[in-house]
Amino acid sequence: GAYKELYHYTRNINAGEFDREGKRYCDFSEYAKGTTNFVSPDWMGAGWYKFTGPYDINIMPEKPPGTGHCNTKAAGWVAGKHPETPGASKTVDICFDFGEKLLECLDGVSANITNCGDYFVYQLPEVPECNYRYCSQYGGTGKADWDYE
């Protein structure tokens, strides 16, 4: 199947709110460039995506990452579980984390996830606004704490 790639290293949950150049990103195509806020370099609008970040940073987290991670203000995470069976798809809610307990699932969007065996693909809509962005974490079998800040 045809999917686009979310490859940018700043999607990592270990990345801070701003990158080295002081930029913050969102997955919102219509956003007009600001001085600090920019559309993610790898976001091509709503559609099917595979996370292809370096060092197996390739799945969306299933827990709130906290605010100010993944080079955005409100980091996107899956409120639920990925489908476990290869070939299986499921609809999930994706939340955006603004930090405090009551705000860790603000403005959720619905998305589909398909288990492709060795990886997942995600059917993702545009986020509600800047600064919301889909986040990724290590999806391998060990633990990786790559810190890009």
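Structure: above.
Residues numbered from 1 in each chain as written. Predicted model: local features only at pLDDT ≥ 70, side-chain atom pairs only at ≥ 80, totals over all residues. Heavy atoms only, no water.

**Q** I keep staring at unusual backbone geometry and nothing clicks. Help me out?
**A** Across the chain, the bulk of peptide bonds are trans and the bulk of non-glycine residues have phi less than zero. Note that the residue after C130, namely N131, is joined by a cis bond; omega there is 10°. Within the secondary structure, N131 is located in the loop between β9 (120-124) and β10 (132-134). Although it is not a glycine, Y55 adopts a positive phi angle of roughly 60°. Assignment of secondary structure puts Y55 in the loop between β4 (47-51) and β5 (57-59). Even without being a glycine, D56 presents a positive backbone phi close to 60°. Mapped onto the elements, D56 comes out in the loop between β4 and β5. With relative accessibility at 41%, the residue D56 sits in the partly exposed group. (Helix = DSSP H or I, 4+ residues; strand = E, 2+ residues; numbered from the N terminus. Buried < 20%, exposed > 50% of the residue type's maximum accessible area, 1.4 Å probe, protein only.)

**Q** Hey, could you run me through the pairing of β9 in this one?
**A** Across a regular strand the side chains alternate sides, sitting on one face of the sheet and then on the other. Among the five residues that make up β9, four are buried, leaving the element largely enclosed by the rest of the structure. Pairing between β4 and β9: three bridges, direction antiparallel. Pairing of Y49 across the sheet is with Y122, part of β9. Pairing of strand β8 (residues 106-115) with β9 involves four bridges; the strand directions are antiparallel. Bridge assignment links N112 to a residue of β9, and that residue is Q123. Hairpin geometry of β8 and β9 is characterised by an intervening segment of four residues between the two adjacent antiparallel strands and by a positive phi of about 90° at G117. (Pairing = 2+ DSSP bridges.)

**Q** How should I be thinking about the state of the cysteines in this particular structure?
**A** Note on terminology: disulfide describes a covalent bond linking the sulfur atoms of two cysteines. Here the structure, examined in full by the defined rule, presents three disulfides. Linked covalently through their sulfurs, C70 and C135 form a disulfide whose S-S length is 1.5 Å. Taken as a pair, C70 in the loop between β5 and β6 (74-79) and C135 in the loop between β10 and β11 (137-138) lie far apart in primary sequence, 65 residues in all. With respect to burial, C70 and C135 carry one shared label: buried. (Disulfide = S-S within 2.5 Å.)

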